[in-house]
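Tertiary structure, described
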Amino acid sequence: MSRNGFWIVAAGVAGFVAAVTYWVIALAVAESRKADMVAPERVTGFIHAVIDANRANYTQNVVDKLHTQGVVEALEHWKEEKGLPLPAQFLLESGRLVAQKDMKLSFRLASLTPIYVWNGPNSEFERRGLEVVMKSPEKPFTGFYQQAGVRYFQGIYADRAVSESCVSCHNGHANSPRRDYKLNDIMGGVIVTIPISEAP
């Protein structure tokens, strides 16, 4: 082999080794970054845990306590009647305030039998998720979807009738399509939506 041929082969081998080395390092870096990332199922689970705790805290330590003491009641038309928001309204209002932050993060209550139609499912995915958590409330229904160039992850968690105020409100409301709820029944779901990535 001539000296020029040797250098051509050597350069080719060196280029091949450099390319392989680059991809090995790139894959290693990507894997290490992936290990530092939190799975979307855990993120929505964390958010749901905070929502659930805040709602329970509000129900037990504000609504129930003030009602028992005869100070003030939770009312559906709380703004006009100068009362406290119902626990479900407290959650919905918190979700509305979060949505205003333009983080593409949202959470809300939804039901297959809502008192108001706007609290029903917004998509076929949400409808299917609510059906699943009604039958199997111990596990959330999760999945991805894309809208307006943004990829989202959504977790739907069973929403139980945690207090008598939930049951009496739904069973007695003029707009309610269902009037046989009991304490701890699944009334619908808490839907938590987080952005995953934006399209280039």
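In what follows, the accompanying structure is described. (Residues numbered from 1 in each chain as written. Predicted model: local features only at pLDDT ≥ 70, side-chain atom pairs only at ≥ 80, totals over all residues. Heavy atoms only, no water.)

Overview of the side chain of serine 111
Along the polypeptide, serine 111 turns up in the loop between β1 (106–110) and α5 (124–135). Here the side chain of serine 111 touches threonine 113 through a polar contact of 2.9 Å, landing on its backbone nitrogen. A distance of 2.9 Å separates a polar side-chain atom of serine 111 from the backbone oxygen of methionine 187. Contact partners of serine 111, with chain neighbours within four places excluded, come to Asn119, Gly120, Pro121, Leu130, Tyr181, Met187 and Gly188. (Helix = DSSP H or I, 4+ residues; strand = E, 2+ residues; numbered from the N terminus. Polar contact = N/O pair within 3.5 Å; in protein donor to acceptor, adjacent residues only side chain to side chain. Contact = heavy atoms within 4.5 Å.)

A closer look at the side chain of histidine 173
Within the element layout of this structure, histidine 173 appears in the loop between α6 (164–172) and β4 (186–198). Ignoring any residue separated from it by four or fewer positions in sequence, one finds histidine 173 in contact with Glu76, Ile115, Tyr116 and Arg179.

Let's talk about the pattern of salt bridges
Summed over all chains, the structure comprises six salt bridges. One salt bridge in this structure joins aspartate 159 and arginine 55, with 2.5 Å as the shortest N-O distance. Here arginine 55 lies in helix α2 (residues 40–68) and aspartate 159 lies in strand β3 (residues 150–160), a separation of 104 residues in the sequence. Take arginine 55: its relative accessible area is 7%, and that puts it in the buried class. In this structure, aspartate 180 and arginine 178 form a salt bridge, with 2.6 Å as the shortest nitrogen-oxygen distance. By sharing partners, the salt bridges in this structure join Arg178, Asp180, Lys182 and Asp185 into a single network. (Salt bridge = Lys/Arg side-chain N within 4 Å of Asp/Glu carboxyl O. Buried < 20%, exposed > 50% of the residue type's maximum accessible area, 1.4 Å probe, protein only.)

Some details on the nonpolar core
Membership of the largest hydrophobic core is limited to eleven residues, which are Ile51, Leu91, Val98, Leu105, Phe107, Leu109, Phe153, Tyr157, Val190, Val192 and Ile194. Secondary structure elements with two or more residues in this core: α4 (87–99), β1, β3 and β4. Among all residues touching valine 192, those that are not within four sequence positions of it are Thr44, Ile47, His48, Ile51, Ser106, Phe107, Phe153, Gln154, Gly155 and Tyr157. (Core = buried A, V, L, I, M, F, W, Y, C linked by side-chain atoms within 4.5 Å.)

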